[in-house]
Amino acid sequence: MEDQLASIHLPLEWLVEARDAYDEKWNSELEYTTPDNLAQQTLTEQHSQFASWLLASLHTSGPCGELSSKLETSVMTRALHEVGGIKMPLPPVLSPKIIGWTLGSVIGRRGNDLPVVPALVPSDENIQMAFEGLVEHVLAIQGMDEPWPEMMQTAMYWRGYGLAEALRPDAGSGGPALKQLRLEAFSTMASAERVEVGNHLDKFNGRRNALSHIADDQSRTRFIDVIDEIRQSSGVDLTMRAMTQFVFSDVARAAREQPPPVVRRGAWEVMEHEIQVWI
């Protein structure tokens, strides 16, 4: 992170300065903050994009779940203690999450920790729209009573396979792409989640094939058997976790290779001015 900041002529000690500035802004607005106007008081997206670029520098540090949990707990504790009348689940502007060393915001319904949208959108427009469609699909399912219609569950396999192909087109097809993405992204996940998602992805390609080709064929699992398995599994959640991990990890990679426009010399002065205008 020190090297990352040095590239735009900021010392590591800047982190303390930034923490104090954001803390001062939060405290200065508490008197006027209510659960209803929180969304209107947020800063521009440049701040979260800059934070995502900083986090991307930590991609070799292993899992990011511990830092994410500390961030979520800190925000939740302060919000519940300091914002009068606020209730759980907290709104997206107070629901940060770090996945694949990328900052995101939880927008799930009924207190779900998924879907999460990244502060920096994928650079590829196809991937961006495909992931947005997946998010919309999961949000729609979360608003429905169980049991969910069979095709609402199985659609996750088609979109997930397509996203994997788009993220790693050089792999040739979705199956090899999923394997490559796992190797690249799983180092930033906690071991328990890595195992759970990995077990799900082990069966992913076979299930997707069976769902796409309904007639019986000795070379693959029967369609009817796969449908029964899916109806009894948590495949929607696990597919969303896997695809979120892959997309967020790719966003972090892109941020390292080509930083967003906000990342430049003098960026902090511009963002700091925006904070001070409101103090």
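Shown above is the structure to which this text applies.
Residues numbered from 1 in each chain as written. Predicted model: local features only at pLDDT ≥ 70, side-chain atom pairs only at ≥ 80, totals over all residues. Heavy atoms only, no water.

All right, on to the overall build of the protein chain then. Tallying secondary structure elements over the protein chain gives twelve helices and three strands in all. Taken over the C-alpha trace, the protein chain has a radius of gyration of 21 Å; the compact-globule value for 279 residues is 19 Å, and the two agree within 12%. Expressed along its principal axes, the backbone C-alpha trace of the protein chain runs to roughly 70 × 45 × 30 Å. Sorting the 279 residues of the protein chain into buried and exposed places 42% on the buried side. Within the protein chain, contacts between residues at least 6 apart in sequence are counted, and of these 67% link residues at least 24 apart. (Helix = DSSP H or I, 4+ residues; strand = E, 2+ residues; numbered from the N terminus. Rg over C-alpha atoms; globule rule 2.2 N^0.38 Å. Buried < 20%, exposed > 50% of the residue type's maximum accessible area, 1.4 Å probe, protein only. Contact = heavy atoms within 4.5 Å.)

A word on a nonpolar patch on the surface. Residues Met76, Leu80 and Met88 make up a contiguous nonpolar surface patch of about 260 Å² in total accessible area. With respect to the helices and strands, Leu80 occurs in helix α4 (residues 65–82). Since its relative accessible area comes to 41%, Leu80 is described here as partly exposed. (Patch = residues over 30% accessible without salt bridge, like charges linked within 9 Å, V, L, I, M, F, W, Y side chains within 5 Å. Areas by Shrake-Rupley, 256 points an atom, 1.4 Å probe, with all protein chains shown as cover. Salt bridge = Lys/Arg side-chain N within 4 Å of Asp/Glu carboxyl O.)

We now examine the packing of helix α6 (residues 150–167) against helix α10 (residues 223–231). Relative to each other, α6 and α10 sit at 100 degrees, their axes nearing to 10 Å. Compared by their axis directions, α6 and α10 come out roughly perpendicular. Residues Glu150, Gln153, Thr154 and Tyr157 of α6 form the contact with α10, whose participating residues are Ile227, Ile230 and Arg231. Here the contact of α6 with α10 is composed, by residue class, of three nonpolar, two polar and two charged. (Axes fitted to C-alpha atoms, helices over the stretch in contact; angles between N-to-C directions. Parallel < 35°, antiparallel > 145°, perpendicular 65-115°, else oblique. Nonpolar A, V, L, I, M, F, W, Y, C, P; charged D, E, K, R; others polar.)

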